[in-house]
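Residue-level structure breakdown
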Amino acid sequence: GGIGGYEIDITTYAKNTGYDPQRHRAEYERIEPHVLALAMIETGQALENLDAQVRRTAVTSLADLPGSEGKAALSKALAHWDPETRRFVIREIGRARATDALPALVRILEDINFLERNHELKKEVIKSLESIGSAEALPVLRRWAARPFVFGRKNKELRYLAQRAVEHLADS
């Protein structure tokens, strides 16, 4: 039995916390070294669920996990097949201030794909980079903020958001 060579024990760490968030958090911190791998497997499966709400809950759970494992899984989820899930992942990366995801976010901004309409995706990336607040994001944001030839309302909006993000990060 088991998964990946690990034995499964469904009784030792099963605790009733009575839906009390503080009790749940305290209990989770006590047992976390023993159940993190299993929690990650379940969350990974939830990311592929056809129900968008299940996927959003999984993404939020990853963002809220202490340590780097959840943040690394968020970076991988940026390649999700559903555009709305990808945008939600980007928002959660910003909320969690997951600096490990910076290179992946920068790649999305630098990607020029004429076959994919990704204005909303890039808009979320710029907002997320601003939320993370890392100076490492400044070079790509400055490039977007200084774009001289911008056609269309959507591209002007991206340039404006980048300008605002640069101002915010420069003041920090």
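Please refer to the structure higher up on the page.
Residues numbered from 1 in each chain as written. Predicted model: local features only at pLDDT ≥ 70, side-chain atom pairs only at ≥ 80, totals over all residues. Heavy atoms only, no water.

1. Considerations on the overall build of the protein chain
- Of regular secondary structure, the protein chain possesses eight helices and zero strands.
- Going residue by residue from the N terminus, the α and β elements of the protein chain occur as α-α-α-α-α-α-α-α.
- Within the protein chain, the proportion of its 172 residues that are buried is 38%.
- If you take every contact in the protein chain between residues at least 6 apart in sequence, the share linking residues at least 24 apart comes to 56%.
- Carbon and sulfur atoms make up 54% of the accessible area of the protein chain, which amounts to about 10,900 Å² in all. (Helix = DSSP H or I, 4+ residues; strand = E, 2+ residues; numbered from the N terminus. Buried < 20%, exposed > 50% of the residue type's maximum accessible area, 1.4 Å probe, protein only. Contact = heavy atoms within 4.5 Å. Areas by Shrake-Rupley, 256 points an atom, 1.4 Å probe, with all protein chains shown as cover.)

2. Structural notes on the packing of helix α3 (residues 69–77) against helix α4 (residues 83–96)
- Following both chains from N to C, one finds α3 and α4 inclined at 150 degrees, their axes separated by 9 Å at the closest point. Between α3 and α4, the interaxial angle falls into the category roughly antiparallel. Along this stretch, α3 crosses α4, giving a crossing that reads as left-handed. Of the residues in α4, those in contact with Lys71, Leu74 and Ala77 of α3 are Arg86, Val89, Ile93 and Ala96. (Axes fitted to C-alpha atoms, helices over the stretch in contact; angles between N-to-C directions. Parallel < 35°, antiparallel > 145°, perpendicular 65-115°, else oblique. Left-handed = near helix turned anticlockwise from the far one by under 90°.)

3. With respect to the pattern of salt bridges
- This model, assessed by the stated rule, comprises 11 salt bridges.
- Notably, a salt bridge pairs arginine 55 with aspartate 82, separated by 3.0 Å at the nearest N-O pair. Taken together, the residues arginine 55 in helix α2 (residues 52–64) and aspartate 82 in the loop between α3 and α4 connect sequence positions 27 residues apart.
- Look at arginine 55 and you get buried, because its relative accessible area is 4%.
- Sharing partners across several salt bridges, the network here consists of Glu84, Arg87, Arg91 and Glu124. (Salt bridge = Lys/Arg side-chain N within 4 Å of Asp/Glu carboxyl O.)

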